[in-house]
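# Observations on the model geometry
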Amino acid sequence: MVVEVAPQRIVAMTLADELAGAVDADATQRQDLVDAALSVGQWLADRGYPGRWDKVKPAAILRCLDFLPNSERERFLFSFVGLLGHGALTGQIPHLPAKQSIDEISALTGEESVRAFARTTAAQLQPLLS
């Protein structure tokens, strides 16, 4: 008999608050995390996947934010990597979808600092995939 486990639903604000506390974020960093989490959460809800961070599609989410100046989009991507990494490392997001999304963000960013953060975060998840 196979028992299916219901996918975990993540409250965007909770994830942002947890990460902000874990990294001792200042007010600006905390707001960036909250803004990113709410943007992702809204995108998921609009597609019928409320709280399902294992269903994110970074390129599609970024297209919805094309009105933002480039610097704000890059800050969003940095926060998005942090949220995915934190969620995966704390067991809230399955490792494989989180790593795949982080790898996608690495390819989407134009900033080397965001790419380096994404690569480092993905590398931390790699041993957890087996």
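It should be noted that the structure appears before, not after, this text.
Keep in mind it's a predicted model, so treat the numbers as computed, not measured. (Residues numbered from 1 in each chain as written. Predicted model: local features only at pLDDT ≥ 70, side-chain atom pairs only at ≥ 80, totals over all residues. Heavy atoms only, no water.)

### Some details on the packing of helix α1 (residues 12-22) against helix α2 (residues 27-46)
Where α1 contacts α2, the two axes come as close as 8 Å, and the packing angle between them is 155°. Taken as axis vectors, α1 and α2 run roughly antiparallel relative to one another. Pair α1 / α2 crosses with right-handed handedness. Listed contacts from α2 to Ala 12, Met 13, Ala 16, Asp 17, Leu 19, Ala 20 and Gly 21 of α1 are Arg 30, Leu 33, Val 34, Ala 37, Leu 38 and Gly 41. Of the residues that constitute the contact of α1 with α2, the class distribution is nine nonpolar, two polar and two charged. (Axes fitted to C-alpha atoms, helices over the stretch in contact; angles between N-to-C directions. Helix = DSSP H or I, 4+ residues; strand = E, 2+ residues; numbered from the N terminus. Parallel < 35°, antiparallel > 145°, perpendicular 65-115°, else oblique. Left-handed = near helix turned anticlockwise from the far one by under 90°. Contact = heavy atoms within 4.5 Å. Nonpolar A, V, L, I, M, F, W, Y, C, P; charged D, E, K, R; others polar.)

### Points about the packing of aromatic side chains
Enumeration according to the criterion identifies three aromatic pairs in this entry. Ring centres of Phe 76 and Phe 80 lie 5.4 Å apart, and the angle between their planes is 45°; on these two criteria the pair is classed as tilted. Here Phe 80 and Phe 76 lie together in helix α4 (residues 70-89), a separation of four residues that amounts to about one turn. The two residues Phe 76 and Phe 80 agree in class, both being buried. Three or more aromatic residues joined by ring pairs form one cluster here, namely Trp 53, Phe 76 and Phe 80. (Phe/Tyr/Trp six-rings, centres within 6.5 Å; stacked < 30°, edge-to-face > 60°. Buried < 20%, exposed > 50% of the residue type's maximum accessible area, 1.4 Å probe, protein only.)

### Some thoughts on the side chain of Ser 101
Structurally, Ser 101 is set in helix α5 (residues 95-108). The class for Ser 101 is buried, based on a relative accessible area of 5%. In this structure, Ser 101 is in contact with Val 56, Pro 58 and Leu 84, ignoring residues within four places of it in sequence.

### Considering the pattern of salt bridges
Per the stated rule, a full pass over the model turns up six salt bridges. Here Glu 112 and Arg 115 are joined by a salt bridge, their closest N and O atoms 2.9 Å apart. With Glu 112 and Arg 115 both in helix α6 (residues 112-125), this residue pair falls three residues apart, about one helical turn. By relative accessible area, which is 45% here, Glu 112 ends up partly exposed. Connected through salt bridges with shared partners, the residues Glu 112, Arg 115 and Arg 119 form a single ionic network. (Salt bridge = Lys/Arg side-chain N within 4 Å of Asp/Glu carboxyl O.)

### Things to note about α5
Helix length check: α5, at 14 residues, gives a terminal C-alpha distance of 20 Å against a target of 20 Å (1.5 Å per residue), a fit within 8%. Within the span of α5, buried status applies to Pro 97, Ala 98, Lys 99, Ser 101, Ile 102, Ile 105 and Ser 106. Contact partners of the buried residues in α5: α3 (58-64), α4 and α6. (Expected span 1.5 Å × (residues − 1).)

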